[in-house]
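A look at the structure
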Amino acid sequence: MFVKNVNWDSDIRHLEPLGNSWEVPSNHPVIMTTVPLKSEFKKVNNFQEIAHKFFDFTELKKDSFSPSTLSNGRQAHHGAAYGGLIFSQALAAAEKTVDEQFKPHSMHSYFILNVDTKEPISYNVRRIRDGRSFITRTVEAVQKDKVCFVLQCSFHVEEKSSIIHQSEMPKVPEPEVLMSMRDAVPYMKELVEKGEVTPPPAMLARLQSYDSKVYSDDQDLFEMRCTNLGNYYGFASDKKPELYFWMRARGDLSNDERFHRWLIAYNSDSLLVSTAVSPHYTTGFCSSMLFSLDHCVWFHRSEVKADEWLLFECKSRIASGSRATIEGRIWRRDGVLIASCQQEALVRSKSDEPSKL
């Protein structure tokens, strides 16, 4: 493993490139520890089959689909399904009722009730409108005779561009010089045991439980690489509600463009709530409830590749009234913005006093 000396107090986005590594500037503060920055990317055999099982549906009746599984490593400890899986399955169900020349461009959803991974669910698609340029679908996820999730999805026939502009992609280290979270989690736990770093209690709990489960799960679908572990785990936080992760499907995929979209939609829910709450844990904040209220995704490109490196940029602009709003942008490695997302989350505290950044 490649090792480079880096100060945990720094933001790695400010390091300077040197060959295929990153150099600490000469005016950098005293180095605290050595950080292995580089992990080898190891593809999972038969990944297509592993990933496809989440989108294996039985058609119960016309426009009503039931998935074969709702369980994966990202679900909550009490058996509630991972929201990104519900979102992506609903999108997949909607796409099954639309001609392939129509591409999903706008998806708006509400999480209403927890989805029990042990109970069957049906995604019931309503054909709202079939136009020449746009098609609209609504999907209701029904479990135990209750609607627990609703998705509205619009599809568009590809047209030539009339105006073109785009924001600039953030400058961050390349994924090859960063640690995989599969390596970072045990490494961080070792540093904690040695007393070299001390994450806040809530972050330590996440490291020991959720992250240890998710990033060691052989069924997890994405390789994730954080640009700044100190910020993510709160022991060297800049107290900014923003995160940057490289992500890539853990194996090779077929050329089915729909499947690539479903996987990106699946992962689009993975970091948004964490972006809002992570910097507050450094102030002693302890949540009593975290719950995604809604989730929206816009695909700016119809052809996307989930099995290539993508940068997931997440920022929370405001938190107030026990709700936080977070926006995400997903970038292709060549600087092309392929998708945007937005989410509002319910964030409740065990304290009567709010945490302020």
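Computed from a predicted model, the values in this text were never measured in an experiment. (Residues numbered from 1 in each chain as written. Predicted model: local features only at pLDDT ≥ 70, side-chain atom pairs only at ≥ 80, totals over all residues. Heavy atoms only, no water.)

Considering the confidence of the model for the chain
Chain-level statistics for the chain give a pLDDT mean of 89 and a share of 90% at 70 or above. This stretch, residues 1-34, has a pLDDT under 50; its non-local contacts, to residues over four places away or in other chains, come to 81 contacts. (pLDDT = per-residue confidence, 0-100. Contact = heavy atoms within 4.5 Å.)

Some thoughts on the pattern of salt bridges
This structure, assessed with the given rule, holds 21 salt bridges. When the shortest N-O distance is used, the salt bridge between lysine 315 and glutamate 313 registers 3.7 Å. Here lysine 315 matches glutamate 313 in class, with each residue buried. Salt bridges linked by common partners bring Glu95, Lys103, Glu257 and Arg261 together as one network. (Salt bridge = Lys/Arg side-chain N within 4 Å of Asp/Glu carboxyl O. Buried < 20%, exposed > 50% of the residue type's maximum accessible area, 1.4 Å probe, protein only.)

A look at the sheet that holds strand E13 (residues 287-299)
A sheet is described by the order of its strands in space; here 12 strands give the open sequence E5-E6-E8-E9-E10-E7-E13-E16-E15-E14-E12-E11, paired in antiparallel fashion. Strands with a single pairing partner mark the edges of an open sheet, and in this sheet they are strand E5 (57-61) and strand E11 (222-226). Pairwise comparison of adjacent strand axes, ignoring direction, gives a mean angle of 25° for this sheet. Each of E5, strand E6 (64-67), strand E7 (102-111), strand E8 (122-130), strand E9 (134-143), strand E10 (146-157) and E13 touches helix H2 (residues 83-95); the most contacted strand, E10, lies at about 55° to it. Along the sheet, helix H6 (residues 257-267) contacts E7, E11, strand E12 (242-249), E13, strand E14 (310-320), strand E15 (323-332) and strand E16 (337-349); its crossing angle with E11, the most-contacted strand, is approximately 45°. (Pairing = 2+ DSSP bridges. Helix = DSSP H or I, 4+ residues; strand = E, 2+ residues; numbered from the N terminus. Axes fitted to C-alpha atoms, helices over the stretch in contact; angles between N-to-C directions.)

Comments concerning the packing of helix H3 (residues 181-194) against helix H4 (residues 201-214)
Where H3 contacts H4, the axes come no closer than 11 Å and their chain directions differ by 150°. Between H3 and H4, the crossing angle belongs to the class labelled roughly antiparallel. Note on packing geometry: the crossing formed by H3 with H4 is left-handed. Here Val185, Met188, Lys189 and Val192 of H3 lie close against H4, whose contacting residues are Leu204, Leu207, Gln208, Asp211 and Ser212. Classifying every residue of the contact of H3 with H4 by side-chain character gives 5 nonpolar, 2 polar and 2 charged. (Parallel < 35°, antiparallel > 145°, perpendicular 65-115°, else oblique. Left-handed = near helix turned anticlockwise from the far one by under 90°. Nonpolar A, V, L, I, M, F, W, Y, C, P; charged D, E, K, R; others polar.)

A word on H6
The buried fraction of H6 amounts to 10 of the 11 residues, a majority that puts the element mostly inside the structure. Restricting attention to buried positions, one finds in H6 the residues Glu257, Phe259, His260, Arg261, Trp262, Leu263, Ile264, Ala265, Tyr266 and Asn267. At the N-terminal end of H6, a side-chain oxygen is found 3.1 Å from the backbone nitrogen of arginine 258, two or three residues along, and the residue is aspartate 256. (Polar contact = N/O pair within 3.5 Å; in protein donor to acceptor, adjacent residues only side chain to side chain.)

So, the layout of surface pockets
Of the pockets and cavities examined, the largest pocket occupies roughly 1,400 Å³. Lining the largest pocket are 42 residues, with Ala76, Tyr210, Val273, Leu290 and Phe291 sitting closest to its centre. Where the lining of the largest pocket is concerned, the elements lending two or more residues are H2, E10, H4, helix H7 (272-281) and E13. Looking at the lining of the largest pocket, the element that brings in the most residues is H4, giving 8 residues. Empty space within the second largest pocket amounts to approximately 870 Å³. Lining the second largest pocket are 21 residues, and of these Glu159, Ser161, Phe299, His300 and Arg301 sit closest to its centre. Elements represented by at least two residues in the lining of the second largest pocket include exactly E7 and E10. (1 Å grid on protein atoms, 1.4 Å probe; cavity = no way out; pocket = protein on both sides within 12 Å on 5 of 7 lines; lining within 4 Å. Points joined across faces, edges and corners; volume = space filled by probe spheres on them.)

Focus on the nonpolar core
Counting residues in hydrophobic clusters, the biggest one holds 92 residues, and the most contacted among them are Tyr123, Leu151, Met181, Leu221, Tyr233 and Leu263. Grouped together as the second largest cluster of nonpolar side chains are 10 residues, Val172, Leu178, Trp309 and Trp331 included. (Core = buried A, V, L, I, M, F, W, Y, C linked by side-chain atoms within 4.5 Å.)

A word on the environment of lysine 42
The topology assignment puts lysine 42 in the loop between strand E4 (33-36) and helix H1 (47-52). Of the residues examined, lysine 42 reaches a relative accessible area of 60% and is grouped as exposed. Taking C-alpha positions, lysine 42 is 9.2 Å from glutamate 223, a pair spaced 181 residues apart along the chain.

Topic: the environment of tryptophan 298
With respect to the helices and strands, the residue tryptophan 298 is situated in strand E13. Looking at tryptophan 298, the relative accessible area reads 28%, which means it is partly exposed. Residues tryptophan 298 and cysteine 341, 43 residues apart in the sequence, show an inter-C-alpha distance of 6.2 Å. Beyond its immediate sequence surroundings of up to four residues, tryptophan 298 is in contact with His105, Ser106, His108, Ile338, Ala339, Ser340, Cys341 and Gln342.

Observations regarding the packing of H4 against H7
Between H4 and H7, whose axes approach to 8 Å, the crossing angle comes to 130°. Relative to H7, the element H4 is oriented oblique. For the pair H4 and H7, the contacting residues are Ala202, Met203 and Arg206 in the first and Ser274, Ser278 and Tyr281 in the second.

Here we look at the pairing of E10
Both E7 and E10 contribute to a ladder of 9 bridges, which runs antiparallel. Looking at the pairing, tyrosine 110 lines up with valine 150 of E10. Relative to E10, E9 runs antiparallel, the two sharing 10 bridges. When the bridges of E10 are listed, glutamine 143 appears paired with lysine 146. Taking the residues between adjacent antiparallel strands as the criterion, E9 and E10 are bridged by 2 residues, where lysine 144 takes a positive phi near 55°.

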